[in-house]
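# Survey of secondary and tertiary structure
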Amino acid sequence: MKFSALLIVFLALLAGCTGGLRMDTSHPSVNHDSRVQFVVLHYTSTSLERSLQLLTSGPVSSHYLIGDTPPTIFKLVDENQRAWHAGESQWKGRTWLNSSSIGIEIVNKGYRDTPNGRVWYPYTEGQVQSLIALLKDITTRYKIDAHNIIGHSDIAPLRKLDPGPLFPWKRLAEAGFGVWPEAQAVAREQALFANALPSITWFQQQLALLGYETPQTGELDVATRHVLAAFQMHFRPALFDGTPDAESAAILKVLNTQTR
């Protein structure tokens, strides 16, 4: 009797292993949203051929790559998988954004240093149009907030510069992808801040409110300068030296008012 009982249990277990785990799926929950909350934009710093090599066989990857001539969109990693493009990163309190973002690399050499200073490479019109089309598709499917379309330098300001000061953030925002400060509001606030510049504590608080990981030391330390420079490169690319000024203060205030 004991042997028969053991045999029955063994056969039942074996049937379970071969037949798969049975689950009741009759009570699906409505309490969920997409894994994808952010889109992070990058430049590759190299040619198309080298970019494809690095992103498909090296230690980094991205979901998409936009070429240069022609501006072909390459899908490299399935959106359901985590690509390795953001690294150590933070935005709006979320860390390690590989797990919650789609990464888009754009073929662009970044910059070159010359005796007369750093020269940045522009993006082509075809790349911009391809990017806008890709963003429209992604944001429609995942309902991504415009404020969550960001650059690598925004989420890792102490170590990254891409997508650089020539990236067309204003044009993307006008197309509905990203945010941009209203010019007249900035002019009004800038005139006020020209008379009395806010404290470093204020700048740090406003940068953090916008989404940047920012020290709250009350001092213009190296890390704060890097964060402020990243913000300036995104929203005031004509000058991004990390120095607090009236225009930066005005843009910060207007953006934080717009995005509340």
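Only a predicted model underlies this, so the values are computations on that prediction, with no experimental measurement involved.

What counts and how
Residues numbered from 1 in each chain as written. Predicted model: local features only at pLDDT ≥ 70, side-chain atom pairs only at ≥ 80, totals over all residues. Heavy atoms only, no water. Pairing = 2+ DSSP bridges. Helix = DSSP H or I, 4+ residues; strand = E, 2+ residues; numbered from the N terminus. Axes fitted to C-alpha atoms, helices over the stretch in contact; angles between N-to-C directions. Core = buried A, V, L, I, M, F, W, Y, C linked by side-chain atoms within 4.5 Å. Buried < 20%, exposed > 50% of the residue type's maximum accessible area, 1.4 Å probe, protein only. Contact = heavy atoms within 4.5 Å. Polar contact = N/O pair within 3.5 Å; in protein donor to acceptor, adjacent residues only side chain to side chain. Parallel < 35°, antiparallel > 145°, perpendicular 65-115°, else oblique. Left-handed = near helix turned anticlockwise from the far one by under 90°. Nonpolar A, V, L, I, M, F, W, Y, C, P; charged D, E, K, R; others polar. UniProt positions renumbered as here; feature names shortened; annotations may be inferred. Phe/Tyr/Trp six-rings, centres within 6.5 Å; stacked < 30°, edge-to-face > 60°. Lys NZ or Arg CZ within 6 Å of the ring centre and 35° of its normal. Salt bridge = Lys/Arg side-chain N within 4 Å of Asp/Glu carboxyl O.

### Details of the sheet that holds strand S9 (residues 149–151)
Ordered in space as S3-S2-S6-S1-S9, the five strands form an open sheet in which the pairing is mixed. Each edge of the open sheet is held by one strand with a lone partner, namely strand S3 (73–75) and S9. Neighbouring strand axes in the sheet, compared pairwise and without regard to direction, differ in orientation by 25 degrees on average. The pairing of strand S1 (residues 38–43) with S9 spans three bridges and is parallel. Residue Leu-41 lies in a different strand from S9, and its bridge partner there is Gly-151.

### Quick notes on the nonpolar core
Core analysis: the biggest nonpolar cluster contains 28 residues, and Tyr-212, Phe-231 and Phe-235 have the highest contact counts within it. Only S1, helix H6 (183–193), helix H7 (200–210), helix H8 (222–235) and helix H9 (246–258) provide two or more residues apiece to this core. The biggest single contributor to this core is H9, with seven residues. Residues within four places of Phe-231 in sequence aside, it is in contact with Leu-207, Leu-210, Tyr-212, Arg-236, Ser-248, Ile-251, Leu-252 and Leu-255. Formed by 24 residues, the second largest nonpolar core is a distinct cluster that contains Ile-66, Ile-102, Leu-131 and Phe-167.

### Some points on the side chain of Arg-236
Here Arg-236 shows up in the loop between H8 and H9. One polar contact links Arg-236 to Ser-248, side chain to side chain, over a distance of 3.5 Å. Discounting chain neighbours no more than four positions away, the residues touching Arg-236 are Phe-231, Asp-245, Glu-247, Ser-248 and Ile-251.

### A look at the packing of H7 against H9
One can describe the packing of H7 onto H9 by two numbers: an axis separation of 10 Å at closest approach and a directional angle of 40 degrees. As the angle between them shows, H7 and H9 are arranged oblique. Considering how the two elements wind past one another, H7 and H9 form a crossing that is left-handed. Listed contacts from H9 to Trp-202, Phe-203, Gln-206, Leu-207, Leu-209 and Leu-210 of H7 are Ser-248, Ala-249, Leu-252, Lys-253, Leu-255 and Asn-256. Looking at the contact of H7 with H9 residue by residue, the classes come out as eight nonpolar, three polar and one charged.

### Here we look at the environment of Gln-129
In this fold, Gln-129 is placed in helix H3 (residues 125–142). For Gln-129 and Leu-172, which are 43 residues apart along the polypeptide, the C-alpha to C-alpha distance reads 9.6 Å.

### Let's talk about the UniProt feature "domain: N-acetylmuramoyl-L-alanine amidase" (unreviewed entry) in the protein
Taking the numbering used here, the UniProt-annotated feature "domain: N-acetylmuramoyl-L-alanine amidase" (unreviewed entry) corresponds to residues 25–164. Annotated as 23% helix and 24% strand, the span residues 25–164 places its first and last C-alpha atoms 48 Å apart.

### Quick notes on the packing of aromatic side chains
Per the counting criterion, the structure on display carries ten aromatic pairs. Seen in terms of ring centroids, Tyr-111 and Trp-120 are 5.0 Å apart; in terms of plane orientation they differ by 55 degrees. Their pairing is tilted. Chaining the aromatic ring pairs together yields one cluster made of Trp-91, Trp-180, Tyr-212, Phe-231 and Phe-235. Positioned above the aromatic ring of Tyr-111, the side-chain terminus of Arg-118 is 3.8 Å from the ring centre.

### What about the pairing of strand S6 (residues 101–106)?
Looking along a regular strand, one sees side chains alternate from face to face of the sheet. Burial analysis of S6 places six of its six residues in the buried class, which makes it a mostly covered element. A two-sided burial pattern is seen for S6, the buried positions comprising Ser-101, Gly-103 and Glu-105 on one face and Ile-102, Ile-104 and Ile-106 on the other. Across six bridges, the pairing between S1 and S6 is parallel. Note on S6: the bridge partner recorded for Phe-38 is Ser-101.

### Here we look at the environment of Ala-175
Inspection of the secondary structure puts Ala-175 in the loop between helix H5 (169–174) and H6. For Ala-175, a relative accessible area of 37% gives the class partly exposed.

### Concerning the pairing of strand S8 (residues 117–120)
Summarising the sheet, strand S7 (residues 111–114) and S8 pair through four bridges and their orientation is antiparallel. Within S8, the position partnered with Thr-114 by the bridge is Gly-117. Linkage of S7 to S8, two consecutive antiparallel strands, is achieved through a turn of two residues.

### Looking at the pattern of salt bridges
Tallying each qualifying case throughout the model produces eight salt bridges. Between Glu-189 and Lys-253 there is a salt bridge whose closest N-O contact spans 3.3 Å. Separated by 64 residues along the polypeptide, Glu-189 in helix H6 and Lys-253 in helix H9 bring together distant segments of the chain. Judged by relative accessible area, Lys-253 falls into the partly exposed class, the value being 34%.

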